[in-house]
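Per-entry structural report
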Amino acid sequence: MSSSPQKVEEFTHEQCMNIIAQMAECGVQNVSLIGGEPLIRRDFWEIVDELTAKDIRIKTILSNGILINEKFIAELERRKFTISFDGVGCHDWLRGFNGAEKAFYRAVKLLHEHDFKVFVSFDLHKGNLDSVRESVKLLANVGADSVGIGRIFAAGTAFDMQDKLMTQEEQYDFFLEYIPQYIADGAPI
């Protein structure tokens, strides 16, 4: 789960199909497709179709939203979708390129315009605590249906963010402070 610039070896198409067959044999009923960014795989829709053919439900496709366009929307017709967001003013920094935040808003609006339920995953860390209130209000304004907020863990790119990681107690204290603000804002999402 790294968004770092280093390219690591990915599973081949054949390996993915083998893993799907093994999951079906073991009775796996639900999966989430995550990354890095799962939409960059050339065989993404083939993987989706194979999971569907094996009666394995795709619970979530976790994407940063950059590759969501009209063509993707057309392919997505019957699926739910989760987009990952790092907060107002933080998304470009954590994703590693300028324009990621703008692309995120465009993706949420596009999904909303096509009547998809948009569930946003918000990774909480010490670097974006001050943006949560503004981010939640903005997510409601661009058409997100719900947001899940949880602390970021030391994995992938976040492994090098030890100074920004929060303890469970720090997360708890943050929510005790934020919940009254959320209610004062009219529970926007």
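Everything discussed here concerns the structure shown above.
About the criteria used
- Residues numbered from 1 in each chain as written.
- Predicted model: local features only at pLDDT ≥ 70, side-chain atom pairs only at ≥ 80, totals over all residues.
- Heavy atoms only, no water.
- Core = buried A, V, L, I, M, F, W, Y, C linked by side-chain atoms within 4.5 Å.
- Buried < 20%, exposed > 50% of the residue type's maximum accessible area, 1.4 Å probe, protein only.
- Helix = DSSP H or I, 4+ residues; strand = E, 2+ residues; numbered from the N terminus.
- Contact = heavy atoms within 4.5 Å.
- Salt bridge = Lys/Arg side-chain N within 4 Å of Asp/Glu carboxyl O.
- Axes fitted to C-alpha atoms, helices over the stretch in contact; angles between N-to-C directions.
- Parallel < 35°, antiparallel > 145°, perpendicular 65-115°, else oblique.
- Left-handed = near helix turned anticlockwise from the far one by under 90°.

**With respect to the nonpolar core**
Within the largest apolar cluster, 38 residues are counted, with the highest numbers of intra-cluster contacts made by Leu33, Leu51, Ile68 and Phe85. Ranked by residues supplied to this core, first place goes to helix H5 (residues 100-113) with 6 residues. Residues within four places of Leu33 in sequence aside, it is in contact with Pro38, Phe44, Val48, Leu51, Ile58, Thr60, Ile61 and Leu62.

**Considerations on the pattern of salt bridges**
Using the criterion set out here, one finds 6 salt bridges in the structure. Arg133 is the partner of Asp185 in a salt bridge, and the nearest nitrogen-oxygen pair spans 2.8 Å. Linking Asp185 in the segment after helix H7 (168-184) with Arg133 in helix H6 (residues 132-142), this pair joins segments that are 52 residues apart in sequence. When the shortest N-O distance is used, the salt bridge between Lys164 and Asp163 registers 3.8 Å.

**Points about the packing of H6 against H7**
Helix packing for two helices is described by the angle between their axes and how far apart those axes are. At their nearest, the axes of H6 and H7 sit 10 Å apart, and the two run at 40 degrees to each other. By the criterion of interaxial angle, the relationship of H6 to H7 is oblique. Like other packed secondary-structure pairs, H6 and H7 cross with a definite hand, here right-handed. Residues Val132, Arg133 and Val136 of H6 form the contact with H7, whose own contacting residues are Phe174, Tyr178, Gln181, Tyr182 and Ala184.

**Comments concerning the environment of Tyr182**
Looking at the secondary structure, you find Tyr182 in helix H7. Overall, Tyr182 belongs to the partly exposed group, its relative accessible area being 22%. The sequence separation of Tyr182 and Arg133 amounts to 49 residues, and the corresponding C-alpha distance is 7.1 Å. With residues up to four places along the chain from it excluded, the contact list for Tyr182 reads Val136, Ala187, Pro188 and Ile189.

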